[in-house]
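Topology and contacts: notes
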Amino acid sequence: MSRRNRRTATAPPTGTGTGAGAGAARCTVTVCRGCCCGSAKVPGLDHGAQLRDLRRALDGIATVRVTDCLDACEQANVIVVQPSPAGRAAGGRPVWLGLVNGPGTADDITDITAWVERGGPGLADPPGILDLHAFTPSRRIRGRLTD
């Protein structure tokens, strides 16, 4: 999921952690809340609490933003972890996580938070459990993230 080389494997993440200032470069975590994600179409989950928990856990560590439909509805709920500038320079690319809606959602948020605290894509390997959520959307869908 994340690309690292030997040189960046030991480099400390820049712009992450509790010591990062408001203007520091850090990861961006995008939460889809469109037609399916965050709606009754994904039953049995308190979507508002999920977003609040994610924002609280990443406060001061990453930028959390909410976006309209990312058009990956079959993977609802979708969260995209975008690398910091340092992570991108080290080869990191956005990691799309789907189906973040099961009974272990709080654990998923803890795993996402731990990964982002260590630097996120390009600077740290994600917890193995996140591999179960990772997917590669089509190029058209990936383009929606930057629009």
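Basis of the calculations
Residues numbered from 1 in each chain as written. Predicted model: local features only at pLDDT ≥ 70, side-chain atom pairs only at ≥ 80, totals over all residues. Heavy atoms only, no water. Helix = DSSP H or I, 4+ residues; strand = E, 2+ residues; numbered from the N terminus. Buried < 20%, exposed > 50% of the residue type's maximum accessible area, 1.4 Å probe, protein only. Areas by Shrake-Rupley, 256 points an atom, 1.4 Å probe, with all protein chains shown as cover. Salt bridge = Lys/Arg side-chain N within 4 Å of Asp/Glu carboxyl O. Pairing = 2+ DSSP bridges. Right-handed = clockwise from strand over helix to strand, strands pointing away. Expected span 1.5 Å × (residues − 1). Contact = heavy atoms within 4.5 Å. Polar contact = N/O pair within 3.5 Å; in protein donor to acceptor, adjacent residues only side chain to side chain.

1. Focus: the overall build of the protein chain
Helices and strands together make up the secondary structure of the protein chain, namely five helices and five strands. Along the protein chain, helices and strands appear, N-terminal first, in the series α-β-α-β-β-α-β-α-β-α. Expressed as a percentage of the 147 residues in the protein chain, the buried residues total 50%. By element, 51% of the accessible surface of the protein chain is carried by carbon and sulfur atoms, the whole surface being about 7,400 Å².

2. Brief notes about the pattern of salt bridges
Counted under the stated rule, the structure contains one salt bridge. One salt bridge in this structure joins D53 and R56, with 3.2 Å as the shortest N-O distance. Here D53 and its partner R56 are both found in helix α2 (residues 47–58), three residues apart, which amounts to about one turn of the helix. Taking the relative accessible area as the measure of exposure, D53 reaches 34% and is therefore partly exposed. Note on R56: relative accessible area 59%, which makes it exposed.

3. Let's talk about the pairing of strand β2 (residues 63–67)
The sheet contact formed by strand β1 (residues 28–32) and β2 spans five bridges and is parallel. Residue pairing across strands places C32 opposite T67, the latter belonging to β2. In the classification by handedness, the crossover that spans β1, the intervening α2 and the parallel β2 is right-handed.

4. Let's talk about α2
Over its twelve residues, α2 extends 17 Å from the first C-alpha to the last, a length consistent with the 16 Å expected when each residue adds 1.5 Å. Listing the buried residues of α2 in full gives H47, A49, Q50, L51, L54 and L58. Where α2 is buried, its residues touch β1, β2, β3 (79–82) and α4 (105–117). For α2, the capping residue at the N-terminal end is D46, with a side-chain oxygen 3.3 Å from the backbone nitrogen of G48. Count one or two residues on from α2 and you reach G60, which has phi positive near 80°.

5. What to know about α4
A rise of 1.5 Å per residue sets the reference length of α4, with its 13 residues, at 18 Å; its end C-alpha atoms lie 18 Å apart and thus fit the reference within 8%. For α4, the complete set of buried residues consists of T105, D108, I109, D111, I112, T113, W115 and V116. Where the residues of α4 are buried, they touch β1, α2, β3 and β4 (95–97).

6. Brief notes about the pairing of β3
By the alternation rule, side chains of β3 split into I79 and V81 and V80 and Q82, which are all buried. As paired elements, β1 and β3 share four bridges and run antiparallel to each other. Note on β3: the bridge partner recorded for T28 is Q82. The pairing of β3 with β4 spans three bridges and is antiparallel. Bridged to V81 within β4 is V95.

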